[in-house]
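What follows is the residue order along each chain.
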Amino acid sequence: MPRHAESAAPTTEARATAEAPATAEAQGPRGKSKSSSPRQIPVIGVVTEDEDALGALKPMDLNSIIKLLEETAQDDLEEKQLKSVKTLVQYYQNGFPLRDLAQIFKILNLCAGKIENQPPFLEPAYNIIKLCGLPFLKKKGSDEITYAEDTAKSIALLGYQQASSAYKIQMAEVGGLAKTMVQSLALLENQLVEKLWVLKALQHLSTSEVNCTLMMKAYAASGICAHLNDPDPSGQLLFRSSEILWNLLEKSSKEEIIKQLSNLKCLLTLKEVFKYLFTRGFSDYDRQLRNDILVITTIISQNPEAPMVECGFTRDLILFATFNEVKSENPLVKGLKLSNSYEDFELKKLLFNILVILCKDLTTVQLLIDGKVVLALFTYVKKPEKHKIIEWSAAQYEELQLHALATLSSVAPLLIKEYMLCQGNARILAFLEWCESEECFFSHGNSFHGTGGRGNKFAHLRYTLRLLRAMIYLEDETVNQDLCEKGTIQQLIGIFKYTTSKINDKEEAILLEIQSDILLILSALCENDNSRKEIFGTEGVDIVLHVIKTDPKKFQSGLGYTVLLFSTLDSIWCCILACYPLEDYFLEKEGIFLLLDLLALDQKKFCSLILAIMVEFCDNPKTPVHVNAWRGKKDQTAASLLIKLWRKEERELGVLRDKRGMIIDTRKPLFTSFQVEQKIMPMPANCPTFAVMDVAENIRAKIYAVLGKLDFENLPGLSTEDFVTLCIIHRYLDFKIGEIWNEIYEEMKLENLRPVTTDRRVLQAILTASENVGKMVASLQYDMVEIQARQDVQDEQKVYAKIQATHKQRELANKSWENFLARTSNAKTLKKAKKLQEKAIESTRYGERPANAIFHQTDIKGLNTTVLSGRVVAVESTPARLVGGPLADTDIALKKLPVRGGALQRVKAVKPADDPKTVPT
């Protein structure tokens, strides 16, 4: 709305004329005048010499007051300033002369500027303004002309200072102007010019959230939208109305605006406007406005209650979205063609986008079939054809191709029959083959869909796999069987290997997403079908093992390794388990070791799935050997790892255990803190109770199952603490059964049900038996702890005995050393030791020597050392003349050992009577 010129201030003469005192006054009693109207004060008064009160006073120095008010450096400045202003007010108590107005209003402005920080200046400023209500005084008759400009400026400063735009907007919000103007539109239906001015004002007001909220409450959206198609040669009505709708959607409650627009009248209007702009809008402005209307329509179509089908808008949108790919005889699009301009390109993408939203309404399915939407979208699922003139540029065509693939992922699952008639599987697999090929292709990587695909085909590969995954997840056997017959499993394994060789830091995230999708597709195809698992084969197992061997640090990178690992674990479950050749191959490649390595990372998000896989794997008789052979950090065994996970899970669940891990409450040995807090309530027979839900909500049942398949016996590497916990795990099923019976008993008490005597006895026996099991386990745990305590004492005693023996040996060594030092430093001690030695030697000799024996001296003559002789003793040889002596018949005499010819050899014995020349030397 144009801003109208504000009315100028009335002139002095006009005011004097308007406010002149009445000439006809009735005389009241005592000569006082009496008027029938309020007394008018003249603006200009003439001061006579008799009435000149100022003439008798000393003139006021206004410049010094101004100078004083502008100062800031003195200590008692404020007091002086206030005093000077008060003096000024007292001086001019009869009114301000025209000649002094400029200086007086300058003083007023200075006082006004000080009020915020110095409140005492408020009163003098108020008094100055109050004096402005008196007539201005003039000394001469020409003062009116002389000081006219100064007077006008002073009055403007007093009453007509322009407010800021923010202040005006705030006042408009407070006053509810926007709401009033919306309501006024209903009165201007046949007044186009005035309506356009109001819409222009609302367009400016709708930039404020407060105003948009007011307009929303006045139902501006539906009121404005319903008149979009009103006659308007200027085109402003449609433009301004669409802008207002945009602002309302952005700056107020989007849900409420959509609700206001989701009626038949508004949608019919939008439909007619869009059709007109689509078929007859040729300028860039028309195309931009057309796209804006389509975006607003897209937002409205998100409301499932919007009558899009009923008003025929859905049918027209499907026609406009596919007329370029599927030939139509509809007169709306006959001869119509889109250009490669930016506006038409955006329109094509918006039409693809609204198809995704429309297909969420099942009533749209038949319209999608009639419009041949699947066929139209599949025209983009093919490799770009060279040397073919198309209406789009290479970058535009690539973006539309990716957008079409994304749209097919939502539309095709609803139209399986049309998908198969279009040979969708064959088209997808052929396109995947092109994505994997080394054919030169430079991707532009534009837009959201092209992220990560610049210079390669990864974006195409990602969206094609998404489409394939959407079709396979339908679990339609016709589609899945057709895919398997066309070699999809082998092709996907080949693509996985291809992406593994291409992975790098730049495209790492998109390649990880591609690999995750491949594994999910393979899982969906192979689940519950052993023949397909055999096709998956050892090559499939190899890619699974490749992922499991990933550096664990990468799982925290946020690039998608965690999702990839989940997909991999799912593929183990669906593609390997229950196929014994693949299970054996997985075990041979140390797959169980890799799973236990992952389990040892203690990542809670993986534990449940890994344990479930291990439960199934343990049905294979070869698995327990691998599980028991595994060793983790610090030589940890698999059994110890599982028991450690059990203890951690119980701590998180708040299960009561003492510091040694023993049972505290034998009646409720498995109760979690959640079960303790929840009161038992009667449940329908088809609803699981807390005790039953607990089995599925934590990993204790899976740990019990794995250890149970290992027979709970001969588990290596367990400590006493582990054995104490193992006692509880071993009885997990018994405890859980007792919990369930206890819940039944409590529910019966709540409902005041009294079982018959036999049932009551049986129930009581079951509860007693369950509690006895708890007591038995607690007793066994106590015995284990006591045995371990005694063993610790024995081990401690052994250690002390070993230490004591070490100290004794050290004392003997020290004593021996002292004796040695004594012998070397004291001759008497040495002689004494020598005598003892000789005595010991003599005691070892025969009492009677044989008659023919030769005695060899063992003493060394002339020995000068002070230590005992060493172990080497020189012994004289037996004389040859005594060959027939007492040693003649021994083996020593019968043997001759050669000294040449390699290793020692046994030689033939020589009799004494033989010729000595025949004996080898």
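Source: prediction; values computed, not measured. (Residues numbered from 1 in each chain as written. Predicted model: local features only at pLDDT ≥ 70, side-chain atom pairs only at ≥ 80, totals over all residues. Heavy atoms only, no water.)

**Observations concerning the overall build of the protein chain**
Point 1. A count of helical and extended segments in the protein chain gives 42 helices and four strands.
Point 2. Sorting the 921 residues of the protein chain into buried and exposed places 40% on the buried side.
Point 3. By sequence separation, contacts in the protein chain at least 24 residues apart represent 74% of the contacts at least 6 residues apart.
Point 4. Here the protein chain displays about 54300 Å² of accessible surface, and carbon together with sulfur accounts for 54% of that area. (Helix = DSSP H or I, 4+ residues; strand = E, 2+ residues; numbered from the N terminus. Buried < 20%, exposed > 50% of the residue type's maximum accessible area, 1.4 Å probe, protein only. Contact = heavy atoms within 4.5 Å. Areas by Shrake-Rupley, 256 points an atom, 1.4 Å probe, with all protein chains shown as cover.)

**What to know about the packing of aromatic side chains**
Point 1. Counted by the stated rule, this structure contains 21 aromatic pairs.
Point 2. When the centroid spacing of 4.9 Å and the interplanar angle of 85 degrees are considered together, the rings of Y91 and Y92 count as edge-to-face. Across this residue pair, the class does not change: Y91 and Y92 are buried.
Point 3. One aromatic cluster in this structure is built from F274, F278, F313, F320 and F323.
Point 4. The side chain of R700 reaches across the aromatic face of W646, ending 5.9 Å from its centre. (Phe/Tyr/Trp six-rings, centres within 6.5 Å; stacked < 30°, edge-to-face > 60°. Lys NZ or Arg CZ within 6 Å of the ring centre and 35° of its normal.)

**Thoughts on unusual backbone geometry**
Point 1. The backbone of D711 shows a phi angle near 70 degrees, a positive value even though the residue is not glycine.
Point 2. Locating D711 in the fold gives a position in the loop between α37 (700–709) and α38 (720–730).
Point 3. Its identity as a non-glycine residue notwithstanding, F712 has a phi of 55 degrees, on the positive side.
Point 4. Positionally, F712 belongs in the loop between α37 and α38.
Point 5. A relative accessible area of 13% means that F712 is categorised as buried.

**Brief notes about empty space enclosed by the protein**
Point 1. All told, the structure shown has three cavities of 30 Å³ or more when counted by the stated rule.
Point 2. The volume enclosed by the largest cavity comes to roughly 60 Å³.
Point 3. Along the walls of the largest cavity sit D602, K604, C607, L645, K648, E649, E652 and I699, which together make up its complete lining.
Point 4. Those elements giving two or more residues to the lining of the largest cavity turn out to be α32 (604–617) and α34 (638–653).
Point 5. For the lining of the largest cavity, the element with the highest residue contribution is α34, accounting for four residues.
Point 6. Of the residues contributing to the lining of the largest cavity, the split by class is three nonpolar, no polar and five charged. (1 Å grid on protein atoms, 1.4 Å probe; cavity = no way out; pocket = protein on both sides within 12 Å on 5 of 7 lines; lining within 4 Å. Points joined across faces, edges and corners; volume = space filled by probe spheres on them. Nonpolar A, V, L, I, M, F, W, Y, C, P; charged D, E, K, R; others polar.)

**Observations concerning the environment of A125**
Point 1. Relative to the helices and strands, A125 is located in helix α5 (residues 122–131).
Point 2. Assessed through its relative accessible area of 5%, A125 is described here as buried.
Point 3. A sequence separation of 16 residues divides A125 from N109, and the C-alpha atoms of the two residues are 8.5 Å apart.
Point 4. Contacts of A125, omitting those with residues within four sequence positions, involve L108, C111 and I115.

**Some points on a nonpolar patch on the surface**
Point 1. On the surface, V692, L733, I737, I740, W741 and I744 cluster together into a nonpolar patch covering about 450 Å² of accessible area.
Point 2. Ranked by the residues each element gives to the nonpolar patch, the list is headed by helix α39 (residues 732–750), at five residues.
Point 3. Summarising the element assignment, I740 is placed in helix α39. (Patch = residues over 30% accessible without salt bridge, like charges linked within 9 Å, V, L, I, M, F, W, Y side chains within 5 Å. Salt bridge = Lys/Arg side-chain N within 4 Å of Asp/Glu carboxyl O.)

**What to know about the confidence of the model for the protein chain**
Note: predicted coordinates in regions of low pLDDT should not be interpreted at a detailed level.
Point 1. Looking at the protein chain, pLDDT values average 83 and 84% of them are 70 or higher.
Point 2. Confidence drops under a pLDDT of 50 for residues 1–57, and excluding neighbours within four residues, the segment shows 50 contacts in the predicted structure.
Point 3. Contacts for the low-pLDDT stretch residues 882–921, under 50 throughout, to residues beyond four places or in other chains number 16 contacts. (pLDDT = per-residue confidence, 0-100.)

**As for helix α29 (residues 561–576)**
Since the α-helix advances by 3.6 residues per turn, residues separated by three or four positions end up pointing in the same direction.
Point 1. For α29, with 16 residues, the first-to-last C-alpha span of 21 Å sits near the 22 Å given by 1.5 Å per residue.
Point 2. Burial runs high along α29: twelve of the 16 residues are buried.
Point 3. Among the residues of α29, those classed as buried are Y561, T562, L564, L565, S567, T568, L569, S571, I572, C574, C575 and I576. (Expected span 1.5 Å × (residues − 1).)

**Section: the nonpolar core**
Point 1. Grouped together as the largest cluster of nonpolar side chains are 186 residues, with contacts concentrated most on F536, I572, L599 and L707.
Point 2. Take this core: its biggest share by element is ten residues, from helix α27 (residues 508–526).
Point 3. Each residue touching L599, except ones within four places of it in the same chain, is listed here: C607, I610, L611, M614, L641, L642 and L645.
Point 4. L88, L98, I107 and A125 belong to the second largest nonpolar core, which has 25 residues in total. (Core = buried A, V, L, I, M, F, W, Y, C linked by side-chain atoms within 4.5 Å.)

**As for the pattern of salt bridges**
Point 1. For the structure on display, the rule yields 33 salt bridges.
Point 2. D344 serves as the salt-bridge partner of R287, at 4.0 Å between the closest nitrogen and oxygen. Taken as a pair, R287 in helix α16 (residues 284–301) and D344 in helix α18 (residues 342–358) lie far apart in primary sequence, 57 residues in all.
Point 3. By relative accessible area, R287 is classed as buried at 18%.
Point 4. The class of D344 is buried, set by a relative accessible area of 3%.
Point 5. Across the pair E746 and K749 runs a salt bridge whose closest N-O atoms are separated by 3.7 Å. Taken as a pair, E746 and K749 lie in helix α39 at a separation of three residues, close to a single helical turn.
Point 6. Overlapping salt bridges, with partners in common, bring together E650, R657, D694, R700, K736 and E739 in one network.

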